[in-house]
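A closer look at the structure
Below, each chain spelled out in residue letters.
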Amino acid sequence: MHTETIRQLPEYAALTRARKKIMWPLSLATIVAYFALILTIAFNPTALGNPIGDGVTSIGMVLGLGVILFCMVITGIYVYYANRVLEPLTRAIVQKAGDQS
Amino acid sequence: MKFHAPLAVLLSAMATCAWAQATSSSSINTTAVAMFLAFVVVTLGITYWAAGRTKTTSDFYAAGGGITGFQNGLAIAGDYMSAASFLGIAGLVYTSGFDGLIYAIGFLVGWPIVLVLIAEPLRNLGKYTFADVASFRLQQKPIRILAASGSLVTVIFYLIAQMVGAGKLIELLFGLPYEFAVIIVGVLMTLYVTFGGMIATTWVQLIKAILLLSGASLMAFLVMMQFGFSFENLFAEAVKVHAKANAIMAPGTLVSDPISAISLGIALMFGTAGLPHILMRFFTVKDAVQARRSVFYATGFIGYFYILTFIIGFGAIILLLKNPAYFTDGVLIGGANMAAIHLSQALGGDILLGFISAVAFATILAVVSGLTLAGSSAISHDLYATLVLKGERDEKKEIRASRIATVCLGVIAVLLGIVFEKQNVAFMVGLAFCVAASANFPILLLSMYWRKLTTRGAVIGGGLGLFTAVILVVIGPTVWVDAFGFKQAIFPYKYPAIFSVSAAFIGIWFFSITDKSASAAKEQAAFDAQFVRSQTGIGAAEAAQH
């Protein structure tokens, strides 16, 4: 099927819109979380060494391990969204494209 | 080409002989030797089996596209979790605590980017290498030459680091001479890739990932058990024992100035999305859905693994520093990188030491095999098929070319491993990430998402990124001062990614928008069709069958 016909499908518009809606926020969230930590390490390393409460565990340790868990959560959110929202749209487009070709 | 079983027997015999010789000079851990030989026998058996199933280019480069998302996620983890990161990060945590965590995070943050921006379009547009995607609507010849150069530079630097690390590790663990250790690694990886292609490589990576994850889990479990599974108790004890005391809870000397910090961050984050051996793994799954699933599992395994490594590093601080048996003249035997290995003995005696040593060796083999396969496919699929075969499809010739390329890469890797024995190669993984972030990633990302990209822009900008990255590392402190021995570096920063990645993006942007040629207009017009396929996968399935 011709590219133009697919591009005219309402599902195609919905797919590209839905993908944009998840793609940039999640990429930016990862980049911001990581560089916020890196920049704190560069400009204010002592702040990260401050302990939380009375213990020895520092804020940096919690934030650092937090970024690792955050990455896993981001991939989880994306896969969940993609399977629920992007996949049905993609299947609809593929089916319509198949019908008309 | 048939797999030669006698070769395998010969190799095992050679190894056993060498070990028998070495036993006389130093004490050898029999568990380690037995475990390692078992790994070699099993993986060579798999290679024999895979060789019978490797008939087409699709089998050779992409395991016929028959790997599931879960398997591929585990194999990606197996490809990515190198011995350098296992021993290196544990060693860095052991030496300076928090600093080790900075690296661990850096190696992980690229994965959400790979998932959200790269994985699905890559699977939908490409066949065997990322150059397929970059050259989708651009001119084949210049783009493939550039992408193959970027791939090969990345692969070679990465390989040198792994080979030297392998040689030293095996020398230390098994008492084998350095050269012999490097040759064993070189021969084994060449056998896996030449005969078994992607199928054997994938299984080697799967087995290795399971071994490494279980070994590291066991060690971390044994460490945490001693501290009531409380991080606070673990940290408190480590702070008490460590010479730097509370300083291990805060950033230390690893990142000294803001430019280096941001540069290192950029290289690690975007470099992951430009590593050819990782990108290649996405072509082993059926479709974009499985590609997406692969990254989800891979990120989980890799993140989990880094948390384990971190616990292992802290365990090493507590259990090793108290025990003088692991030190000679106040220095940890074999250096900080051996912290995880010594810890395994402290936790589980010679049996666990043997197991972890064998796992470390298996880890190296899996990583170098993936790298070699990526390097040889850049040579055969991108260079040979485009420049020599000129687009004429001849699977037999292409597979033969990649097998010859594999053997050549194996020989080169062994020679470079021997040449660089006495050099500090730690910077080479960083350099590989920097080149991947500066040359491969910008071309790949913009070819997928930026309509105005033209061949001229991609070639000049990508070349600029590649060139700048390599030159700045050479004239920077790590090579100019540490390796060449000059007094002062011409370029003051250790990590140049902020400059080289910017150079690539600006170069690509400028030379694309000023490109008014007719071919440029055609390339830009082809974007819509490419984008439809990258988003929906329509056309991808048929292409993969050819």
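Residues numbered from 1 in each chain as written. Chains lettered and ligands numbered in written order. Predicted model: local features only at pLDDT ≥ 70, side-chain atom pairs only at ≥ 80, totals over all residues. Heavy atoms only, no water.

Quick look at the overall build of chain B
Of regular secondary structure, chain B possesses 22 helices and 2 strands. Over its C-alpha atoms, taken along the principal directions, chain B stretches across nearly 75 × 55 × 45 Å. When burial is assessed residue by residue, chain B has 63% of its 546 residues classed as buried. Accessible surface for chain B amounts to roughly 18,700 Å². Of this, 68% is attributable to carbon and sulfur atoms. (Helix = DSSP H or I, 4+ residues; strand = E, 2+ residues; numbered from the N terminus. Buried < 20%, exposed > 50% of the residue type's maximum accessible area, 1.4 Å probe, protein only. Areas by Shrake-Rupley, 256 points an atom, 1.4 Å probe, with all protein chains shown as cover.)

Side note on the overall build of chain A
Helix and strand content of chain A: 4 helices and 0 strands. Secondary structure elements in chain A, listed N-terminal to C-terminal, are α-α-α-α. What you see for chain A is a C-alpha radius of gyration of 21 Å, clearly larger than the 13 Å of a compact globule of 101 residues, by over 25%. Along the first, second and third principal axes, the C-alpha set of chain A runs to 65 × 25 × 15 Å. In chain A, buried positions account for 43% of the 101 residues. Across chain A, contacts joining residues at least 24 apart in sequence account for 68% of those joining residues at least 6 apart. Summed over all atoms, the accessible surface of chain A reaches about 5,200 Å², with 65% contributed by carbon and sulfur. The averaged location of the 5 negative side-chain charges in chain A is 5 Å from the averaged location of its 8 positive side-chain charges. (Rg over C-alpha atoms; globule rule 2.2 N^0.38 Å. Contact = heavy atoms within 4.5 Å. Lys, Arg positive; Asp, Glu negative; His and termini not counted. Charge placed at Lys NZ, Arg CZ, Asp CG, Glu CD.)

Focus on the packing of aromatic side chains
Under the criterion given, the structure shown has 32 aromatic pairs over all chains. Ring geometry for W24(A) versus Y449(B): centroids 6.3 Å apart, planes at 65 degrees, classification edge-to-face. In this pair, W24(A) is assigned in helix α2 (residues 10-43) and Y449(B) in helix α16 (residues 426-449), connecting two distinct chains. Look at F235(B) and F310(B): their rings are 6.2 Å apart centre to centre, the planes differ by 75 degrees, and that puts the pair in the edge-to-face class. With F235(B) in helix α10 (residues 231-241) and F310(B) in helix α13 (residues 288-321), the pair connects residues that are 75 residues apart, well separated along the chain. Of the residues examined, F235(B) reaches a relative accessible area of 1% and is grouped as buried. (Phe/Tyr/Trp six-rings, centres within 6.5 Å; stacked < 30°, edge-to-face > 60°.)

Re the interface of chain B and chain A
Facing the 49 residues of chain B at the interface are 49 residues of chain A. Summed over both partners, the interface of chain B with chain A comes to about 4,400 Å²; 79% of that surface belongs to carbon and sulfur atoms. Applying the counting criterion to the chain B and chain A interface returns 3 salt bridges. The partner of R292(B) in a salt bridge is E87(A), and the shortest N-O contact between them spans 2.8 Å. At the surface where chain B touches chain A, the tally comes to 9 residue pairs in polar contact (both at pLDDT 80 or more). Each residue belonging to the side of chain B that touches chain A can be placed in one class, and the counts come to 38 nonpolar, 7 polar and 4 charged. (Buried area = accessible area lost by both parts, 1.4 Å probe. Salt bridge = Lys/Arg side-chain N within 4 Å of Asp/Glu carboxyl O. Polar contact = N/O pair within 3.5 Å; in protein donor to acceptor, adjacent residues only side chain to side chain. Nonpolar A, V, L, I, M, F, W, Y, C, P; charged D, E, K, R; others polar.)

Brief notes about a nonpolar patch on the surface
Residues and elements named next belong to chain A. Taken together, the side chains of I52, I59, V62 and L63 present a nonpolar region at the surface, about 300 Å² in accessible area. Looking at the element boundaries, V62 is found in helix α4 (residues 59-100). Classification of V62 as partly exposed rests on a relative accessible area of 41%. (Patch = residues over 30% accessible without salt bridge, like charges linked within 9 Å, V, L, I, M, F, W, Y side chains within 5 Å.)

Regarding the packing of α2(A) against helix α21 (residues 527-536) of chain B
One way to put it is that α2(A) packs onto α21(B) with a least axis distance of 11 Å and a crossing angle of 75 degrees. For the element pair α2(A) / α21(B), the angle class is roughly perpendicular. Contact residues: α2(A) offers Y12(A), L15(A), T16(A) and R19(A), while α21(B) offers F531(B), V532(B), Q535(B) and T536(B). A breakdown of the residues in the contact of α2(A) with α21(B) according to their chemical character gives 4 nonpolar, 3 polar and 1 charged. (Axes fitted to C-alpha atoms, helices over the stretch in contact; angles between N-to-C directions. Parallel < 35°, antiparallel > 145°, perpendicular 65-115°, else oblique.)

Re the nonpolar core
All names here are of chain B. Membership of the largest hydrophobic core comes to 214 residues, with the highest contact counts inside it found for I118, L122, Y306 and F314. Residues within four places of I118 in sequence aside, it is in contact with I113, A273, L279, F441, L444, L445 and M448. If you look at the next biggest cluster of nonpolar residues, it comprises 9 residues, including L138, L446, L453 and I508. (Core = buried A, V, L, I, M, F, W, Y, C linked by side-chain atoms within 4.5 Å.)

Regarding helix α6 (residues 98-125) of chain B
All names here are of chain B. Relative to the 40 Å expected for 28 residues at 1.5 Å per residue, α6 spans 41 Å between its end C-alpha atoms, a close match to the ideal helical length. When the local axis directions of α6 are compared, the greatest deviation, roughly 55 degrees, occurs at V114. The element α6 is extensively covered by neighbouring structure, given that 28 of its 28 residues are classed as buried. (Expected span 1.5 Å × (residues − 1). Bend = angle between axes of the 7 residues up to and from the residue.)

Description of the side chain of T309(B)
All names here are of chain B. Locating T309 in the fold gives a position in helix α13. Looking at T309, the relative accessible area reads 0%, which means it is buried. Each residue touching T309, except ones within four places of it in the same chain, is listed here: S85, F86, I89 and A90.

Here's the deal with the pattern of salt bridges
Residues and elements named next belong to chain A. Scanning the entire structure with this criterion turns up 13 salt bridges over all chains. Residue E11 pairs with K96 through a salt bridge whose shortest N-O separation is 3.0 Å. Of this pair, E11 sits in helix α2 while K96 sits in helix α4, and the two are 85 residues apart along the sequence. A relative accessible area of 17% places E11 in the buried class.

Structural notes on the packing of helix α5 (residues 83-96) of chain B against helix α14 (residues 339-388) of chain B
Residues and elements named next belong to chain B. The N-to-C vectors of α5 and α14 enclose an angle of 145 degrees; their axes lie 9 Å apart at closest approach. Facing A83, F86, L87, A90, G91 and Y94 of α5, the residues of α14 in contact are A339, A340, I341, I356, A360, T363 and I364. Grouping the amino acids of the contact of α5 with α14 by side-chain chemistry returns 11 nonpolar, 2 polar and no charged.

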